[in-house]
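# Report on the structure
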Amino acid sequence: MTAVVTGSTQLLGVIGCPIEHSLSPVMHNAALAALAPTQGTLPYVYVPLHIESANLERAIDGLACIGCRGFNVTIPHKQAIIPLLNEISPVAKAVGAVNTVWRTTEGWAGTNTDVQGCMAPLLSQAHDWSKSTATVLGSGGAARAVIAACHQLQCATIQVLGRDAAKLEALRADFLAARPAIEIQVYPWEQLPHLLDQTLLLVNTTPVGMYPNIGQSPIPSDVLTKLSKDAIVYDLIYTPNPTQLLQDSQGLGLQTIHGLEMLVQQGAAALERWLGQSVPLEVMRAAAQSQLSH
Ligand code: NAP
């Protein structure tokens, strides 16, 4: 017999709209089942919660009333939830978005584990990041988490490329306000070929190449050759695996990192926050991989 949901099982979840394609329930419940005693009570369950923007405040109050221990936050609530929280971490403040919320005696507190998730596969690399340039493609929500991660790694320079000059300038101003020491430069997309030779870490945060547009890449393969041989190419997209960008990079002998790792690591960091203990990363990775291959 395996552990079951009983009267003392507590609630965790993910709020978003839409939410039905989220991989988080499969990943978190696999970890919770692995941590539960083989016979007895499942201490927590993790459920998808479809919440429309107009209902966000009432929904958060409701979750507090029913004793929910914590939840993840996804599109479109990552920014909107901030004024509804009693406390937010410095990293979430710098990114301007919250993806993990937990209960305190005063109310809800939030942080952003995407930053830790993004950094995790980079921390194991033997690079002197303080002498490195990171180049980030895109200026949306995920780009902000990646920039905060590159700053935490102490990258010497962070170059950000995007299509929208006003959005790029706003992003730069927000980071300079939160982290005055950050070396952040913004460029129009057309500058990319001139920025790659100094780049050690190239991160794609655009959805270009994501299923179903699997043959597309944000960088033409001839431009990619401008990267040095020791460059790392990191694509945040987690379906397909590998993306066209990563296939092209592997063809040039470059080191690559796939987006599934960030997804798993941000989830593990959230679960550790709620449970106050380490969580089975391998179980989460296998559950997410198996759900993606369905
Ligand atoms: P977002 O806020 O919508 O930002 C997307 C960015 O990509 C924007 O800067 C957008 O530019 C740019 N973009 C879109 N289409 C483009 C194109 N054809 N050419 C050039 N730039 C383009 O989305 P997000 O939340 O940051 O997510 C972005 C990607 O990261 C998605 O694929 C998502 O699945 C992935 N992601 C992965 C993880 C993970 O854990 N692995 C976590 C978060 C996100 P404009 O501003 O000009 O429209």
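Before reading on, note that the structure itself is shown above.
Rules behind the numbers
- Residues numbered from 1 in each chain as written.
- Predicted model: local features only at pLDDT ≥ 70, side-chain atom pairs only at ≥ 80, totals over all residues.
- Heavy atoms only, no water.
- Disulfide = S-S within 2.5 Å.
- Core = buried A, V, L, I, M, F, W, Y, C linked by side-chain atoms within 4.5 Å.
- Buried < 20%, exposed > 50% of the residue type's maximum accessible area, 1.4 Å probe, protein only.
- Helix = DSSP H or I, 4+ residues; strand = E, 2+ residues; numbered from the N terminus.
- Contact = heavy atoms within 4.5 Å.
- Expected span 1.5 Å × (residues − 1).
- Near = heavy atom within 4 Å.
- Polar contact = N/O pair within 3.5 Å; in protein donor to acceptor, adjacent residues only side chain to side chain.
- Areas by Shrake-Rupley, 256 points an atom, 1.4 Å probe, with all protein chains shown as cover.
- Salt bridge = Lys/Arg side-chain N within 4 Å of Asp/Glu carboxyl O.
- Axes fitted to C-alpha atoms, helices over the stretch in contact; angles between N-to-C directions.
- Parallel < 35°, antiparallel > 145°, perpendicular 65-115°, else oblique.
- Left-handed = near helix turned anticlockwise from the far one by under 90°.
- Nonpolar A, V, L, I, M, F, W, Y, C, P; charged D, E, K, R; others polar.

### Focus: the state of the cysteines
This model, assessed by the stated rule, comprises zero disulfides. Take Cys 17: it sits in no disulfide, and the sulfur closest to it among the cysteines is that of Cys 68, at 18 Å. No disulfide involves Cys 68; its sulfur sits 11 Å from that of Cys 65, the nearest cysteine.

### A closer look at the nonpolar core
Residues Trp 129, Ile 147, Ile 158, Val 160, Leu 201 and Tyr 234 are the most contacted members of the largest nonpolar core, which totals 35 residues. The element best represented in this core is helix H5 (residues 141-152), accounting for seven residues. Sequence-distant contacts of Ile 147, that is, excluding residues within four places in its chain, are made with Val 136, Ile 158, Val 160, Leu 171, Phe 175, Ile 182 and Ile 184. Of all hydrophobic cores here, the second largest spans 22 residues; its members include Ile 19, Trp 102, Leu 263 and Ala 270.

### Examining H5
Along an α-helix, a turn takes 3.6 residues, which lines up residues three or four apart on a common side. With 12 residues, H5 extends 17 Å from end C-alpha to end C-alpha; this agrees with the ideal 16 Å at 1.5 Å per step. Taken from the residues just after H5, Gln 154 is the one with a positive phi, measuring 70°.

### Re the site of the ligand
Near the ligand, the surroundings consist of 18 residues, among which Ser 139, Ala 142, Arg 163, Lys 167 and Leu 236 are the closest. A distance of 2.8 Å is found between an oxygen atom of the ligand and a backbone nitrogen or oxygen belonging to Ser 139. Residue Arg 163 places a side-chain N or O atom 2.9 Å away from an oxygen atom belonging to the ligand. Contact with the protein chains covers 72% of the free accessible surface of the ligand, which is 930 Å². Broken down by secondary-structure element, the contributors of at least two residues to the shell around the ligand are H5 and helix H10 (259-275).

### As for the pattern of salt bridges
Tallied over the entire structure, the rule returns six salt bridges. Between Glu 261 and Arg 285 there is a salt bridge whose closest N-O contact spans 2.8 Å. Residue Glu 261 is located in helix H10, and its partner Arg 285 is located in helix H11 (residues 281-292); the two are separated by 24 residues in the primary sequence. Between Arg 285 and Glu 282 there is a salt bridge, with the nearest N and O atoms lying 2.4 Å from each other. Within this pair, Arg 285 and its partner Glu 282 are both found in helix H11, separated by three residues, close to a single helical turn. Residue Arg 285 is classed as buried on the basis of its relative accessible area, which comes to 17%. For Glu 282, a relative accessible area of 55% translates into the label exposed. Ionic contacts of the salt-bridge type, sharing partners, join the residues Glu 261, Glu 282 and Arg 285 into one network.

### Some details on the environment of Ala 64
Tracing the chain through its elements places Ala 64 in helix H2 (residues 56-65). When its relative accessible area of 23% is taken as the criterion, Ala 64 is described as partly exposed. As for Ala 64 and Asp 174, which are separated by 110 residues in sequence, their C-alpha atoms are 31 Å apart. Look past the residues within four positions of Ala 64 in its chain and what remains in contact with it is Arg 103 and Trp 108.

### Thoughts on the packing of helix H1 (residues 24-35) against H10
Axes are the key here: two packed helices are described by the angle between their axes and the distance separating the axes. It is the contact of H1 with H10, at a shortest axis distance of 10 Å, that shows an interaxial angle of 50°. Accordingly, the angle class assigned to the pair H1 and H10 is oblique. For the element pair H1 and H10, the recorded crossing hand is right-handed. Contact residues: Met 27, His 28, Ala 31, Leu 32 and Leu 35 in H1; Leu 263, Val 264, Gln 266, Gly 267, Leu 271, Trp 274 and Leu 275 in H10. Class assignment of the residues belonging to the contact of H1 with H10 gives a composition of nine nonpolar, three polar and no charged.

### Let's talk about the packing of helix H4 (residues 113-123) against H10
Between H4 and H10, whose axes approach to 7 Å, the crossing angle comes to 130°. With respect to each other, H4 and H10 are oriented oblique. You can see that H4 and H10 cross each other, and the crossing is right-handed. For the pair H4 and H10, contact is made by Thr 113, Asp 114, Gln 116, Gly 117, Cys 118, Ala 120 and Pro 121 and by Glu 261, Met 262, Gln 265, Gln 266, Ala 269 and Ala 270, respectively. The residue inventory of the contact of H4 with H10, partitioned by class, reads six nonpolar, five polar and two charged.

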